[in-house]
Amino acid sequence: MEAISTAAQTQRSLWSSLVEAVRGSHQDYTAGSLNRAILLLAVPMVLEMVLESLFAVVDVFWVGRLGANAVATVGLTESMLSLVFAVGMGLSLSTTAMVARRIGEKDPEGAAVAGVQAIALGLIVSLAIGLPCFYFAPRLLQLMGASPEIVATGSGYTRICLGGSCAVLLLFLNNAIFRGAGDAAIAMRLLWVSNIINLVLDPCLIFGWGPFPRMGVTGAALATFTGRSIGVSYQFYRLLKGTERIRILTRQLRLHFDVLWRLVRVSLTGILQFAIAHTSWIGLVRIVSIFGSAAVAGYTIAIRIVIFVILPSWGLSNAAATLVGQNLGAGHPERAEKAVWRTGLYNVIFLGAVGLIFVLFPVPIVRLFTHDPEVVRLGAACLRIISYGNLGYAYFMVMMQAFNGAGDTITPTVVNFFGFWLLEIPLAYGLAIPLHMRSNGVFVSIAIAESAMAGASAILFKQGRWKRQRI
């Protein structure tokens with residue numbers, strides 16, 4: 001009876017913690033139960049990433065009804081948009097690290113100042129990226145190997161996605177502020193708003209339902225841009241209204257060049273870190289495009305499905321980054337290290353289970369997005385092969401975010417450079433063309449590179465230099 005009672009109490013405690021995580025928790029993450037701290041941070045961050053991944057999955061679900069050229073348009077544009085994501089992630093990781101460190105030091109004023117500098121930097125960068133990309137969108141598609149048909153039908157999609165990069169960058173940065181402060185539930189809720197709008201507008205604008213014009217693949221871009229823009233507006237409202245952890249006051253809306261420079265210094269390496277990773281994706285897409293639109297479409301669908309799974313894992317990794325930043329700020333480096341290893345184990349369990357499903361049932365999963373037999377065959381092969389690297393990638397994600405959360409952006413950059421540029425891309429080319437494995441060779445190179453980078457990052461993490469990082 002005592003064992004049953006204990007189990008019931010544990011179940012009630014777990015349920016109450018889950019409810020608290022979704023509602024928003026105000027626990028001090030530098031003290032108390034580490035498992036509870038991981039749970040309270042990870043649950044809203046995982047849900048946030050699930051919702052973010054819905055943008056990609058919903059788009060490709062509806063666009064898949066328009067044919068291989070439309071899906072290829074999305075794939076080629078996403079490969080270029082990945083550079084915008086690289087900038088956004090680079091700025092975000094430095095923002096999260098700086099805000100988390102100030103919160104750990106019990107300095108909410110400093111956290112708010114850091115947030116303002118990050119937003120200002122994001123606005124400047126988004127204009128520098130968005131305006132040229134909007135104007136040169138058709139030429140960019142051509143450079144990516146798009147056929148004349150894809151350029152003709154897809155230029156509008158590319159213009160909106162790349163030209164509207166301001167919404168992407170600010171969505172990343174504002175959520176980074178909330179995550180660094182420990183207000184992960186707010187970041188999650190604002191993406192609910194964005195995704196509901198995107199879910200409703202996507203089929204309406206693509207197919208011209210009701211009073212909406214039929215815009216084809218361009219409608220998918222407009223729906224996503226609208227949802228993200230409204231989400232950014234809600235973020236600004238919450239930052240100015242304030243939470244128990246962070247609030248931006250009117251008097252803080254000015255530049256602090258010393259803080260801005262520290263943020264830029266860490267961000268530059270962070271941007272390079274993600275640029276290396278995302279440009280490798282461009283290289284892979286370019287190799288796959290040699291084998292035709294069906295290969296690009298299959299690769300695009302499979303990668304979108306993988307992203308849908310990996311983004312929740314990024315939620316777990318982001319929880320580790322916040323715990324590292326706040327605990328280093330509070331002077332508890334051993335607690336920070338313990339949090340990383342434990343979060344990595346949870347991520348391995350999650351991604352390993354999902355990878356097993358993808359290995360066993362890739363064809364029916366890909367068929368949810370397309371019925372083209374050739375696209376299904378290639379997409380299923382991609383999904384199955386990439387999933388073999390899931391266990392390694394699970395630890396790699398957590399380790400990289402742990403370094404970033406400490407403000408050590410150099411170590412992940414070095415690992416990415418060797419793993420993606422010096423291993424993955426040359427291996428992909430060698431397997432695909434000289435060894436005649438075609439697109440499957442590209443997919444195999446991804447799994448091998450992920451496993452190699454996981455081992456390297458674990459060795460570097462155990463050395464512990466990240467504990468002495470100042471930001």
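Residues numbered from 1 in each chain as written. Predicted model: local features only at pLDDT ≥ 70, side-chain atom pairs only at ≥ 80, totals over all residues. Heavy atoms only, no water.

J.: Explanation requested: the overall build of the protein chain in the structure shown.
T.: Secondary structure summary: the protein chain contains 17 helices and zero strands in total. A globule of 471 residues ought to have a C-alpha radius of gyration of about 23 Å, and the protein chain, at 22 Å, matches this closely. C-alpha atoms of the protein chain, sized along the principal axes, occupy 55 × 50 × 50 Å. Taken over 471 residues, the protein chain has a buried fraction of 60%. The long-range share in the protein chain, meaning contacts at least 24 apart out of those at least 6 apart in sequence, stands at 81%. (Helix = DSSP H or I, 4+ residues; strand = E, 2+ residues; numbered from the N terminus. Rg over C-alpha atoms; globule rule 2.2 N^0.38 Å. Buried < 20%, exposed > 50% of the residue type's maximum accessible area, 1.4 Å probe, protein only. Contact = heavy atoms within 4.5 Å.)

J.: How should the packing of helix α6 (residues 148-163) against helix α9 (residues 217-241) be read in this particular structure?
T.: How two helices sit against one another is set out by the angle between their axes and by the gap between those axes. As a packed pair, α6 and α9 sit with axes 7 Å apart at the nearest point and diverge in direction by 10 degrees. Taken together, α6 and α9 sit at an angle that is classed as roughly parallel. Of the residues in α9, those in contact with T153, G154, G156, Y157, I160 and C161 of α6 are V217, T218, A220, A221, L222 and F225. Along the lines of polarity and charge, the residues of the contact of α6 with α9 split into eight nonpolar, four polar and no charged. (Axes fitted to C-alpha atoms, helices over the stretch in contact; angles between N-to-C directions. Parallel < 35°, antiparallel > 145°, perpendicular 65-115°, else oblique. Nonpolar A, V, L, I, M, F, W, Y, C, P; charged D, E, K, R; others polar.)

J.: Help me understand helix α15 (residues 390-405), please; the structure alone is not making it clear to me.
T.: Every α-helix carries 3.6 residues per turn, so stepping three or four residues along brings you back to the same face. An ideal rise of 1.5 Å per residue puts 22 Å on 16 residues; α15 measures up with 22 Å between its terminal C-alpha atoms. Summarising burial for α15: 14 of the 16 residues are buried, a large majority. With its phi angle positive at about 90 degrees, G407 sits one or two positions after the end of α15. (Expected span 1.5 Å × (residues − 1).)

J.: Please explain unusual backbone geometry as it appears in this structure.
T.: Across residues other than glycine, the phi torsion is negative in most instances, and most of the peptide bonds are trans. Positive phi is not limited to glycine here, since K106 has a value of about 60 degrees. Of note, K106 is situated in the loop between α3 (68-104) and α4 (108-135). On the accessibility criterion, K106 (55% relative accessible area) is exposed. Unusually for a residue other than glycine, H436 sits at a positive phi of about 60 degrees. Mapped onto the secondary structure, H436 falls in the loop between α16 (410-432) and α17 (439-463).

J.: Would you mind going over the packing of helix α7 (residues 165-181) against helix α8 (residues 184-207) with me for this structure?
T.: One way to put it is that α7 packs onto α8 with a least axis distance of 7 Å and a crossing angle of 150 degrees. The angle between the axes of α7 and α8 places the two elements in the roughly antiparallel class. Handedness of the crossing formed by α7 with α8: right-handed. Along its contact with α7, which presents L171, N175 and F178, the element α8 presents A184, I186, A187, L190 and L191. Split by residue class, the contact of α7 with α8 holds seven nonpolar, one polar and no charged. (Left-handed = near helix turned anticlockwise from the far one by under 90°.)

J.: How do you make sense of the environment of V151 when you look at a structure like this?
T.: Looking at where V151 falls in the secondary structure, it is placed in helix α6. V151 sits 32 residues away from I119 along the chain, and the two C-alpha atoms are 34 Å apart. Discounting chain neighbours no more than four positions away, the residues touching V151 are P138, L141, Q142 and A146.

J.: Hey, could you run me through the side chain of S445 in this one?
T.: For S445, the position within the fold is in helix α17. Relative accessible area serves as the criterion here: at 0%, S445 is assigned to the buried category. Among the polar contacts made by the side chain of S445, one reaches the main-chain carbonyl oxygen of V442 at a distance of 2.6 Å. (Polar contact = N/O pair within 3.5 Å; in protein donor to acceptor, adjacent residues only side chain to side chain.)

J.: What is the right way to look at the confidence of the model for the protein chain in this model?
T.: Detailed conclusions should not be drawn from predicted coordinates in areas where pLDDT is low. Summing up the model confidence of the protein chain, the mean pLDDT is 85 and the portion of residues at 70 or higher is 93%. Helix α1 (residues 2-23) is the least confidently modelled element of the protein chain, averaging 58 in pLDDT, while α16 averages 93, the highest of any element. Contacts from residues 5-9, a stretch scored under 50 in pLDDT, to residues over four places away or in other chains number zero contacts. (pLDDT = per-residue confidence, 0-100.)

J.: What is the right way to look at the pattern of salt bridges in this model?
T.: Side chains carrying opposite charge are able to pair once their charged atoms draw close together. Evaluation of the coordinates by the stated rule reveals five salt bridges. Here K467 and E334 are joined by a salt bridge, their closest N and O atoms 3.3 Å apart. Of the two residues, K467 is situated in the segment after α17 and E334 in helix α12 (residues 333-360); the sequence distance between them amounts to 133 residues. Given the relative accessible area of 51%, E334 is considered exposed. One salt bridge connects K467 with E337, and the closest N-O pair in it is separated by 2.6 Å. (Salt bridge = Lys/Arg side-chain N within 4 Å of Asp/Glu carboxyl O.)

J.: Looking at this structure, I do not really get a nonpolar patch on the surface. What am I missing?
T.: Where nonpolar side chains cluster on the molecular surface, the patch consists of I410, V414, F418, W421 and L422 and spans about 490 Å² of accessible area. Counting through the fold element by element, I410 comes out in helix α16. (Patch = residues over 30% accessible without salt bridge, like charges linked within 9 Å, V, L, I, M, F, W, Y side chains within 5 Å. Areas by Shrake-Rupley, 256 points an atom, 1.4 Å probe, with all protein chains shown as cover.)

J.: What am I meant to see in the packing of aromatic side chains here?
T.: Aromatic ring pairs are defined here through the distance separating the ring centres and the angle between the ring planes. Evaluation of the coordinates by the stated rule reveals 15 aromatic pairs. When the ring of W341 is compared with that of F461, the centres are 5.5 Å apart and the planes differ by 80 degrees; the resulting orientation is edge-to-face. Remark: F461 occurs in helix α17 and W341 occurs in helix α12; sequence separation between them is 120 residues. Grouping aromatic residues by their ring pairs yields a cluster made of F61, W62, F207, W209 and F369. Stacked on the ring of F134, the Lys or Arg R159 has its end atom at 5.7 Å from the ring centre. (Phe/Tyr/Trp six-rings, centres within 6.5 Å; stacked < 30°, edge-to-face > 60°. Lys NZ or Arg CZ within 6 Å of the ring centre and 35° of its normal.)

J.: Just checking my understanding: could you explain the environment of I206 for this structure?
T.: Within the secondary structure layout, I206 lies in helix α8. On the basis of relative accessible area, I206 is assigned to the buried category, the value being 0%. Contacts of I206, omitting those with residues within four sequence positions, involve W62, V63, L66, R214, M215, G216, G219 and A220.

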